[in-house]
Amino acid sequence: MHCAALLSEFGIVAGKGKAGLARLMDELRAGTLDLPADAVVAAMALADQRAALEAAADALERRITAQAKADEKARMLKTAPGVGPLSAHATLATMPDPSSSRAAATLRHGLASTPRLNGTGGKTRTGRITKQGNQPLRRLLVLGATAWLRQVGARPEKASPWLRGMMARRPSKVVAVAQAARTARASCGPCSPTTNPIARQPSADPPNPSQGAQQQLMAKSVGIPDREHSVSAIAR
């Protein structure tokens, strides 16, 4: 049972949001709440457990953030709109083989961010997403896309023509899921050593000008610019 739920049994309700809950915990620890002695002991035990879990979660988040900051591929993924350290770390942890030509489609289908196809009588209609697959990663990408849409709403010049068109004709939640699917599709390209020259491992051989031109041509063929901000350019 949550500490706030236990206190509500005695008519004590926390304020709105994390700030209200924090004030209630402070009052509990200060002993200013009108509670029976046994209820205080039980509530203090729940409050201590909650504080320990929050401290452990903060330490884990700092660790993931440091790992994403040190990883080159994660830094490239964070250039996409709505992708932060947690989303980049989770994407790299669950991404299929990026060298595969089907990596982007496999990732999108694994996230179940593609619409369901309903066909009858020779007509095919797109429906809602199946909401199957990797639910935690899909939630991170959709929440990031939602935050990006709020930024675009305040500064429309940051949006691409595709995103402005989607926002003009579709509901915001549909646009957020579409943006998340677009980001997932773009995440595979820059991490692939076959399609992105930046993601290639450094070679001991001297650079070959013709080889560099071929790599740039290959990158342009899949829609990836030759600069480090390629994920942002594709996903927008």
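Residues numbered from 1 in each chain as written. Predicted model: local features only at pLDDT ≥ 70, side-chain atom pairs only at ≥ 80, totals over all residues. Heavy atoms only, no water.

## Focus on the packing of helix H2 (residues 17–30) against helix H3 (residues 37–70)
- Two elements in contact, H2 and H3, have axes separated by 11 Å at closest approach and are oriented at 130°. Comparing the axis directions of H2 and H3 gives the class oblique. The handedness of the crossing between H2 and H3 is left-handed. Contacts between H2 and H3 involve Leu21, Met25, Leu28 and Arg29 from the first element and Ala43, Met44, Ala47, Asp48, Arg50 and Ala51 from the second.
- Class assignment for the residues of the contact of H2 with H3 results in 7 nonpolar, no polar and 3 charged. (Axes fitted to C-alpha atoms, helices over the stretch in contact; angles between N-to-C directions. Helix = DSSP H or I, 4+ residues; strand = E, 2+ residues; numbered from the N terminus. Parallel < 35°, antiparallel > 145°, perpendicular 65-115°, else oblique. Left-handed = near helix turned anticlockwise from the far one by under 90°. Contact = heavy atoms within 4.5 Å. Nonpolar A, V, L, I, M, F, W, Y, C, P; charged D, E, K, R; others polar.)

## Overview of the confidence of the model for the chain
- Looking at the chain as a whole, the pLDDT averages 76, with 70% of positions reaching at least 70.
- Looking at the elements of the chain, mean pLDDT is at its lowest for helix H10 (residues 209–221), recorded as 44, and at its highest for H3, recorded as 93.
- Predicted confidence for residues 193–230 stays below pLDDT 50, and this span has 40 contacts to residues more than four positions away or in other chains. (pLDDT = per-residue confidence, 0-100.)

## Observations regarding H3
- Between its first and last C-alpha atoms H3 spans 50 Å; for 34 residues at 1.5 Å apiece the expected length is 50 Å, and the two agree.
- Looking at H3, one finds that the buried residues are Ala39, Ala43, Ala47, Ile64 and Ala68. (Expected span 1.5 Å × (residues − 1). Buried < 20%, exposed > 50% of the residue type's maximum accessible area, 1.4 Å probe, protein only.)

## Thoughts on the pairing of strand E2 (residues 123–129)
- Burial analysis of E2 places just 0 of its 7 residues in the buried class, which makes it a mostly uncovered element.
- Following strand E1 (residues 115–120), the chain reverses through 2 residues before pairing antiparallel with E2; glycine 121 in that reversal takes a positive phi of roughly 60°. (Pairing = 2+ DSSP bridges.)

## Remarks on the pattern of salt bridges
- Within the structure shown, the criterion is met by 3 salt bridges.
- Arginine 155 is paired through a salt bridge with glutamate 157; the nearest N and O atoms lie 3.2 Å apart. (Salt bridge = Lys/Arg side-chain N within 4 Å of Asp/Glu carboxyl O.)

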